[in-house]
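Chains, contacts and geometry: an overview
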Amino acid sequence: MTLLDTGRSVFGVETVKEAPSKVILKHEQFEVRLYAPLLVAQTRVIAGYKEADIKAFRTLYRYISGENEMSRKIAMTAPVIAEPCIELSQTISDPLASLRDGNDWLFRFVLPEEYTVDSAPQPINPDVVIAKTTKMHLATIRYSGRATESARIENAEALLSWIVSKGLIAKSAPKWAGYNAPWTLPNFRRNEVMIEVAKR
């Protein structure tokens, strides 16, 4: 990243490529997007959200910066996706449990489209795993500011209500997605809550 890119990202200008998707439905800050299977580098961190966020970002950033078997630098993409590792029974009884500041988190970097499971550089750090997601429709809500527990829950509640109003069914617990560098000023940040959905 150049000095110019760093300066731009402070004010929320997105300087990295976004994971490809197709917008199926849009209304104000809400969207439903279709994502093809994505290749991701992921790491699991046992810690509270703030600590996990910092540790996971550093671990995954080192991987794309060359800490891999090919010593290859990999382009940064957006978003960074975070979800807690919780039991399915807990998610069913409390749909917003996944957005509370728990102590077990999974963070994912989306890898550029040109990579496959076979061609992606293998991590040196055993805490980093290459995985592939499934094709999915994700309902999203976009907001700015810090990704606090209260902000995540407030926006997830709004998204869940919107999903119901559109006659859709939520198929997953909410996930959080961030699109900006850690040093971006809060008012210029792009945050999202994402929920996988299906038609009734």
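What you see is a predicted model; the values in this text were computed from it and never measured.

Points about the overall build of the protein
- Across its full length, the protein carries 4 helices and 12 strands.
- Taken across its 200 residues, the protein has 46% of its residues classed as buried.
- Across the protein, every contact between residues at least 6 apart in sequence was considered, and the portion connecting residues at least 24 apart equals 75%.

Considerations on the nonpolar core
- Ranked by internal contacts, the top residues of the largest apolar core, which has 37 residues, are Tyr63, Phe107, Leu111, Leu159 and Ile163.
- For this core, the element with the highest residue contribution is helix α2 (residues 49-64), accounting for 6 residues.
- Contact partners of Phe107, with chain neighbours within four places excluded, come to Ala41, Gln42, Thr43, Tyr49, Ala52, Asp53, Ala56, Leu60, Val80, Ile81 and Ala82.
- With 12 residues, the next largest nonpolar core counts Tyr35, Ala78, Val110 and Met136 among its residues.

Some remarks on the environment of Ser119
- Relative to the helices and strands, Ser119 is located in the loop between β7 (105-110) and β8 (128-132).
- According to the relative accessible area criterion, Ser119 is partly exposed, its value standing at 28%.
- With sequence-adjacent residues up to four places away left out, Ser119 is seen in contact with Met70, Arg72 and Glu114.
- At 2.9 Å, the side chain of Ser119 and the backbone nitrogen of Thr116 are in polar contact.

Considering the packing of aromatic side chains
- Tallying each qualifying case throughout the model produces 7 aromatic pairs.
- Plain terms: the ring middles of Tyr49 and Trp105 are 4.9 Å apart, the flat faces sit at 70° to each other, and that makes the pair edge-to-face. In this pair, Tyr49 sits in helix α2 while Trp105 sits in strand β7, placing the two residues 56 residues apart along the sequence.
- For Tyr49, a relative accessible area of 8% translates into the label buried.

Details of the confidence of the model for the protein
- Taken over all residues, the pLDDT of the protein has a mean of 87, while the share at 70 or more is 84%.
- Put simply, helix α1 (residues 3-10) is where the protein has its lowest mean pLDDT, 38, and strand β3 (residues 30-35) is where it has its highest, 98.
- Every residue in residues 1-13 scores below 50 in pLDDT, and together they form 21 contacts with partners more than four places removed in sequence or on other chains.

Observations concerning the environment of Ala156
- With respect to the helices, strands and loops of the structure, Ala156 is situated in helix α4 (residues 149-165).
- Spatially, the C-alpha atoms of Ala156 and Pro174 are 6.7 Å apart, while their sequence positions differ by 18 residues.

Concerning the pairing of strand β12 (residues 191-199)
- Counting buried positions over the 9 residues of β12 gives 7, a clear majority of the element.
- Note: strand β9 (residues 136-143) against β12, 6 bridges, orientation antiparallel. For Ile141, the partnering residue across the bridge sits in β12 and is Val193.
- Relative to β12, strand β10 (residues 168-170) runs antiparallel, the two being bridged by 3 bridges. Bridge assignment links Leu168 to a residue of β12, and that residue is Lys199.
- In this sheet, β12 lies alongside strand β11 (residues 175-178) in antiparallel orientation, the contact comprising 4 bridges. Residue Gly178 lies in a different strand from β12, and its bridge partner there is Asn191.

Conventions and cut-offs
- Residues numbered from 1 in each chain as written.
- Predicted model: local features only at pLDDT ≥ 70, side-chain atom pairs only at ≥ 80, totals over all residues.
- Heavy atoms only, no water.
- Helix = DSSP H or I, 4+ residues; strand = E, 2+ residues; numbered from the N terminus.
- Buried < 20%, exposed > 50% of the residue type's maximum accessible area, 1.4 Å probe, protein only.
- Contact = heavy atoms within 4.5 Å.
- Core = buried A, V, L, I, M, F, W, Y, C linked by side-chain atoms within 4.5 Å.
- Polar contact = N/O pair within 3.5 Å; in protein donor to acceptor, adjacent residues only side chain to side chain.
- Phe/Tyr/Trp six-rings, centres within 6.5 Å; stacked < 30°, edge-to-face > 60°.
- pLDDT = per-residue confidence, 0-100.
- Pairing = 2+ DSSP bridges.

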